[in-house]
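Summary of the model geometry
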Number of protein chains: 2
Amino acid sequence: MAKTKLHRLGDLQLRIMQVLWDRGEATVAEVHDLLGARPRLAYTTVATMLRKMEVRGLVAHRTEGRTFVYRAAVAAERVSGNMAEHVLDRLFQGSLATMVNHLLTAREVSPDELAKLETLIAERKRAS
Amino acid sequence: MAKTKLHRLGDLQLRIMQVLWDRGEATVAEVHDLLGARPRLAYTTVATMLRKMEVRGLVAHRTEGRTFVYRAAVAAERVSGNMAEHVLDRLFQGSLATMVNHLLTAREVSPDELAKLETLIAERKRAS
DNA sequence: GTTGACAAACTACCACGGTAGTATTATCAA
DNA sequence: TTGATAATACTACCGTGGTAGTTTGTCAAC
């Protein structure tokens with residue numbers, strides 16, 4: 001399996017992956033529907049993108065009748081992890097604290113989120 | 001000034017920005033040296049990239065004699081913020097806790113980092 | 001003055017994300 | 001049998017990141 005650079009997926013590709021991760025499997029038509037962007041994409045755009053993504057190893061398909069049923073070929077965790085780590089390393093020199101600091105000041109974070117974060121950190125401290 | 005999409009900067013562009021953020025100003029030769037990648041990039045590659053980046057409004061330059069002295073034209077915080085938020089929204093549905101969870105499990109985090117994180121969260125809680 | 005070094009400008013390519021039209025083919029209904 | 005429908009396949013195009021060679025201009029040293 002080629003060293004598929006998992007960071008650097010385009011926006012459309014990410015949105016498609018999201019659909020597949022959510023649904024498990026989906027036909028081109030289903031992906032097309034579920035994307036539902038403002039200037040609705042052409043059906044063929046989605047089909048082409050899926051084909052390109054299959055070449056890159058991001059998705060795979062099985063055939064049902066004459067319809068392709070696509071599924072994700074890489075786990076959401078791997079992609080999320082890779083992209084998040086990439087940003088962390090390139091932009092924040094690997095410092096999670098710096099990154100979180102930026103994000104905390106840049107946007108509203110609900111008390112609920114804060115509580116969850118607190119628990120996470122506490123758990124991590126205990127484990128080390 | 002065009003709506004410079006600040007998320008989606010390539011790797012080389014980010015590394016160049018990093019140099020400029022660090023140094024304030026730098027000539028092409030200096031940037032070229034400071035990048036110091038394994039298969040060393042050609043001087044002209046860096047020069048070309050800087051010119052392209054100037055068109056996009058990422059950097060600017062002044063002339064000193066006949067050499068260009070470049071500087072960043074966008075703040076590190078804006079770029080970091082944009083890219084981090086983009087990943088957060090696209091990959092973690094905006095949940096900071098989810099993102100941090102991934103990053104905590106994916107890599108070693110020093111006790112020092114954990115302590116800083118704890119402080120950040122605590123401060124944030126108090127402020128809300 | 002001619003030469004050599006260096007800087008920028010220009011030009012050229014490739015890869016790939018994104019977008020979509022056209023062509024082909026398989027299937028089903030009238 | 002014919003025609004409509006719907007699916008994939010093929011092709012094409014643009015923008016831009018990345019990479020670098022070639023050309024041109026200029027300054028300094030000989």
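These notes cover the structure that comes with them. Here the structure is a predicted model, which is why all the values come from computation and not from measurement. (Residues numbered from 1 in each chain as written. Chains lettered and ligands numbered in written order. Predicted model: local features only at pLDDT ≥ 70, side-chain atom pairs only at ≥ 80, totals over all residues. Heavy atoms only, no water.)

1. Observations concerning the overall build of chain A
Using the following cut-off: Numbering of helices and strands starts at the N terminus; helices are DSSP runs of H or I of at least 4 residues and strands are runs of E of at least 2. Here the radius of gyration uses the C-alpha set of atoms, whereas the globule reference equals 2.2 Å times the residue count to the power 0.38.
When helices and strands are tallied, chain A shows six helices and three strands. Secondary structure elements of chain A, listed N to C terminal, follow the sequence α-β-α-α-β-β-α-α-α. The globule rule puts the C-alpha radius of gyration for 128 residues at 14 Å, and the 18 Å found for chain A is more than 25% above it. For chain A, the spread of C-alpha atoms along the principal axes amounts to about 55 × 35 × 25 Å.

2. Section: the protein's contact with DNA strand D
The cut-off we apply is this: Note on terminology: near, applied to a residue and a molecule or strand, indicates that one of the residue's heavy atoms is within 4 Å of it. Contacts described as polar in this section are N or O atom pairs within 3.5 Å, which, within protein, must combine one atom able to donate a hydrogen with one able to accept it, while residues neighboring in sequence count only if both atoms come from side chains.
Surrounding DNA strand D, one finds 21 residues, the nearest of these being Tyr43(A), Asp11(B), Ala42(B), Thr48(B) and Arg56(B). Atoms of DNA strand D within 4 Å of the protein belong to the sugar or the phosphate in 61% of instances, the rest to bases. Here a phosphate oxygen of DNA strand D and a side-chain polar atom of Arg51(A) are 3.4 Å apart. Between DNA strand D and the protein, one listed contact pairs a phosphate oxygen with a backbone N or O atom of Leu12(B) at 3.3 Å. Of all the elements in the fold, those that place two or more residues in the surface near DNA strand D are α3 (43-55) and β3 (67-72) of chain A together with α1 (11-23) and α3 (43-55) of chain B.

3. Digging into the interface of chain A and chain B
For the record, the criterion: It only takes one pair of heavy atoms within 4.5 Å for two residues to be counted as in contact. Definition used for salt bridges: Asp or Glu carboxyl oxygen within 4 Å of a side-chain nitrogen of Lys or Arg. The residue classification treats Ala, Val, Leu, Ile, Met, Phe, Trp, Tyr, Cys and Pro as nonpolar and Asp, Glu, Lys and Arg as charged. All others, Gly included, are polar.
Taken together, the contacts link 44 residues of chain A with 43 residues of chain B. Taken together, chain A and chain B are joined by 10 salt bridges. Between Asp11(B) and Arg8(A) there is a salt bridge; the shortest N-O distance is 3.2 Å. Applying the counting criterion to the chain A and chain B interface returns 18 residue pairs in polar contact (both at pLDDT 80 or more). Put simply, the parts of the chain that give the side of chain A that touches chain B at least two residues each are α1 (11-23), α4 (76-92), α5 (96-106) and α6 (111-127) of chain A. At 13 residues, the largest contribution of residues to the side of chain A that touches chain B is made by α4(A). The residue makeup of the side of chain A that touches chain B, split by class, is 20 nonpolar, 11 polar and 13 charged.

4. Here's the deal with the sheet that holds strand β1 (residues 25-27) of chain B
Paired through their backbone hydrogen bonds, the strands of a sheet run either parallel or antiparallel. All names here are of chain B. To keep it simple, the criterion reads: Here, strands pair whenever DSSP counts at least two bridges between them. Where helices are involved, their axes are fitted lines through C-alpha atoms of the stretch in contact, as for all axes, and angles between N-to-C directions lie from 0 to 180°.
An order of β1-β3-β2 is seen for the three strands of this open sheet, with the pairing classed as antiparallel. The outermost strands of the open sheet, each flanked by one partner alone, are β1 and β2 (59-64). In this sheet, adjacent strand axes meet at a mean angle of 35° when their direction is disregarded. Packed on one face of the sheet, α3 meets β2 and β3 (67-72) and runs near 115° to β2.

5. Here's the deal with the protein's contact with DNA strand C
Around DNA strand C, the structure places 21 residues, and the nearest of them are Asp11(A), Thr48(A), Arg56(A), Tyr43(B) and Phe68(B). Protein-proximal atoms of DNA strand C, defined as those within 4 Å of the protein, fall in sugar or phosphate at a share of 64%. Thr45(A) is positioned with one of its side-chain polar atoms (N or O) 3.1 Å from a phosphate oxygen of DNA strand C. Where the surface near DNA strand C is concerned, the elements lending two or more residues are α1 and α3 of chain A together with α3 and β3 of chain B.

6. Looking at the pattern of salt bridges
Applied cut-off: We call a residue buried when its accessible area falls under 20% of the maximum for its residue type, exposed when it is over 50%, and partly exposed in between, using a 1.4 Å probe and counting protein chains only.
Tallied over the full model, the rule gives 20 salt bridges over all chains. Lys116(A) is the partner of Asp112(A) in a salt bridge, and the nearest nitrogen-oxygen pair spans 3.8 Å. Taken together, the residues span about one helical turn, with Asp112(A) and Lys116(A) both in helix α6 at a distance of four residues. The class for Asp112(A) is partly exposed, based on a relative accessible area of 48%. Accessibility expressed as a relative area gives 41% for Lys116(A), which makes it partly exposed. Look at the salt bridges and you will find they share partners, linking Arg8(A), Arg90(A) and Asp11(B) into a network.

7. Focus: the environment of His61(B)
All names here are of chain B. Tracing the sequence through the fold places His61 in strand β2. Along the primary structure His61 and Thr27 are separated by 34 residues, whereas in three dimensions their C-alpha atoms are 9.0 Å apart. If sequence neighbours within four positions are ignored, His61 has contacts with Glu54, Phe68, Val69, Tyr70 and Arg71. There is a polar contact of 2.8 Å between the side chain of His61 and the side chain of Glu54.

8. Considering helix α2 (residues 28-35) of chain A
All names here are of chain A. This is how it is decided: What the arc measures is the spread of directions leading from the helix axis to the C-beta atoms.
Every buried residue of α2 is listed here: Val28, Val31, His32 and Leu35. Take α2 and look down its axis: the buried residues cluster within an arc of 100°, on one side only. Buried positions along α2 lie against α1, β1 (25-27), α3 and β3. Just past α2, the residue Gly36 takes up positive phi, approximately 35°.

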